[in-house]
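Residue-level structural notes
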Amino acid sequence: MSNPSEPSNPSGPSEPSNPSELIHRHRAVTPSWLAVYYAEPIELTHGEGRHVWDSQGRRYLDFFGGILTTMTAHALPEVTKAVAEQASRILHSSTLYLSSSMVELAEQIAELSGIPDAKVFFTTSGTEANDAALLLATSYRRSNQVLAMRNSYHGRSFTTIGITGNSSWSPTSLSPLQTLYVHGGVRTRGPFAELSDAEFIAACTADLEDLLGQVGGNVAALIAEPIQGVGGFTSGPDGLFAAFKRVLDRHGILWISDEVQTGWGRTGDHFWGWQAHAEAGPPDILTFAKGIGNGLSMGGVVARAEVMDCLGANSISTFGGSPVTTAGALANLRHLLDHDLQGNSRRIGALLSGLLRAADLPMVREVRGRGLMIGVELVDSSGEPSAAAAASTLEHARELGLLIGKGGLAGNVLRIAPPLSLTAEEAAEGAELLIEALRRAQAEST
Ligand code: PLP
C-alpha cells in the first residue's frame, strides 16, 4: 500500500501552501464551472515516474496522469533535459521562423499517422486541434453541417463545445455549426443495447444512412473519438468506423478521428484508436494532444495535404509548435517508441483489468477499455448508474494514496489511465488500493 511519505524530490515549495486557503482564493478568481476534484482539493507539487506528491508531502500512485497527459512518466529525464536545453537557448520564436524540432516532430507524426500525403499543424491544446480540424473540414467541404457522436466530448471552445451532444458539458445552444448526432459510442443503453457486435454496427450504420437521407445539402465531416474519453471510456465494436467510412465516402464526407485521449499507444493494441477500424483505411483528419507533450501544452491536426492546404489564407500560430514544446515532445515520443510503451500498455493494461474484474464487486457493473485506458462503471443496489459511488470511491482512493479520474454521462465511471510505463508491481499495488476504495464506498452505501 502506498503510504504518505516524505517527497524524494527536493524541488517542492519551501513553504507548503495551505490547501483550504488556496481553494478559497482559487474559487474567488476562477470560473465557477472549472471542476476541481476532492472535498479537500490537492495541490500537486512534483512527480517522479508514476508517483506525484502534494504540498503536504503526501505521495500518490498516479492512475490518471493529469487527464491522460503524463504519457511516459513524471519528470522523465530526457524530456526535462530537452526542455531545459531548448529553454536556455531560445524560449520562443513563433511559426514565422523555422524550428528544426518542429519540422522533425511534424515529419515523425505525419509518418506515424498512417494518413497518406499528410501534413501537420501544431496547436496548444486538444480543443484548438479540434477547432482547427472543424475549420479545415467545413472549409474544404464548404458546409457548416457536421456529424458528431452522442455522448462525445471534443473541447471547451465555442465551436467544440457547441457540437458536444451532452447538455452537462455543453451549456450553449448557439453553436456556429449545425450538428447532427449519430449513434455508436455507447452500447450499455439505448435502442441498440442488446445487439451483437455485427448487429450493432449494422443498426448504427443504417441510422447514419437514414440521417443523411433526411438532411439536405452537404455534410462536412463526422468527428468522433474512437473510445469516448470524458464519456466514460466507452466505444462501439471494432469495425464500426470502417462501416461508417464506407457511407461517408459515398457522400464525400470527411472522417475526423479525435485521438486526443486514444493516441500514442494508450490503447495497447494499436498506436491510434482508429486502427481498431482499419479495414476502411485511415481517417481524413486526425487530431491529437495530451500525451505527446507529457504535460507540455501541445496539440495538433494531421490531414491529407489537399485538405490541410484548402484554407489558402495566410495564417500564423504564435505558440503552436514552439521550440520548447516540440523539443520536449520529440524526446517524449522517442522514449515511448524506444521502450515499446504501447506494448507495455497492452500487457500491463490486461493485467490491471484482469485484477479489477477478478474482484467481482457488486457495485461494479463493468470493467472495460483497452490497454491502459480502463473504465470501471459503477451502479447502485438497483442497478442504476451511481455518481455517488464514483465520487466516494475517488475520495477513498485518495485517502489510500491513489489518484484516479471519473466521467461518463451519469458521472458513474471511474477512469484509470496511468503513465504508459506503469510496472506490473505498480499495477498490482494500484489494483489493491482501488479494490479497497471500492469496498469502502460499497460499505458506505449500504
Ligand atoms: N478531445 C477529447 C477526446 C478530449 O478528451 C479532450 C479533453 O479532455 C479534448 C478534446 C480537449 O482537449 P484540451 O483539454 O487539451 O483542450
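Our subject is the structure listed above.
Residues numbered from 1 in each chain as written. Predicted model: local features only at pLDDT ≥ 70, side-chain atom pairs only at ≥ 80, totals over all residues.

Pairing is mixed across the open sheet formed by four strands, whose spatial order is 1-2-3-13. Strands with a single pairing partner mark the edges of an open sheet, and in this sheet they are strand 1 (44-48) and strand 13 (402-403). Strand direction decides the pairing type here: strand 3 (residues 59-62) and strand 13, joined by two bridges, are parallel. Residue pairing for strand 13: D62 is matched across the bridge by L403. (Pairing = 2+ DSSP bridges. Helix = DSSP H or I, 4+ residues; strand = E, 2+ residues; numbered from the N terminus.)

Turning our eyes to something else, we now look at unusual backbone geometry. Here S94, not a glycine, exhibits a phi torsion of approximately 80 degrees, which is positive. By secondary structure assignment, the location of S94 is in the loop between helix 3 (77-89) and helix 4 (100-113). We note that D360 has phi near 50 degrees; this positive angle belongs to a residue other than glycine.

Here strand 2 (residues 51-54) shows two buried faces, one formed by H51 and W53 and the other by V52 and D54. The pairing of strand 1 with strand 2 spans four bridges and is classified as antiparallel. For L44, the partnering residue across the bridge sits in strand 2 and is D54. Linking two consecutive strands that pair antiparallel, namely strand 1 and strand 2, is a turn of two residues; a positive phi of about 65 degrees is found at G49 within it. Where strand 2 and strand 3 come together, three bridges link them in antiparallel fashion. Paired with H51 across the bridge in strand 3 is L61. Linkage of strand 2 to strand 3, two consecutive antiparallel strands, is achieved through a turn of four residues, within which G57 is found at a positive phi near 85 degrees. (Buried ≥ 20, exposed ≤ 12 C-beta atoms within 10 Å, placed from the backbone.)

Our next topic: the packing of helix 7 (residues 197-214) against helix 8 (residues 240-251). One can describe the packing of helix 7 onto helix 8 by two numbers: an axis separation of 9 Å at closest approach and a directional angle of 20 degrees. Between helix 7 and helix 8, the angle falls in the class roughly parallel. Where helix 7 crosses over helix 8, the two elements pack in a sense that is right-handed. Contacts between helix 7 and helix 8 involve I201, C204, T205, L208, E209 and L212 from the first element and L240, A243, F244, V247 and H251 from the second. Its residues assigned to classes, the contact of helix 7 with helix 8 comprises eight nonpolar, two polar and one charged. (Axes fitted to C-alpha atoms, helices over the stretch in contact; angles between N-to-C directions. Parallel < 35°, antiparallel > 145°, perpendicular 65-115°, else oblique. Left-handed = near helix turned anticlockwise from the far one by under 90°. Contact = placed C-beta atoms within 7 Å. Nonpolar A, V, L, I, M, F, W, Y, C, P; charged D, E, K, R; others polar.)

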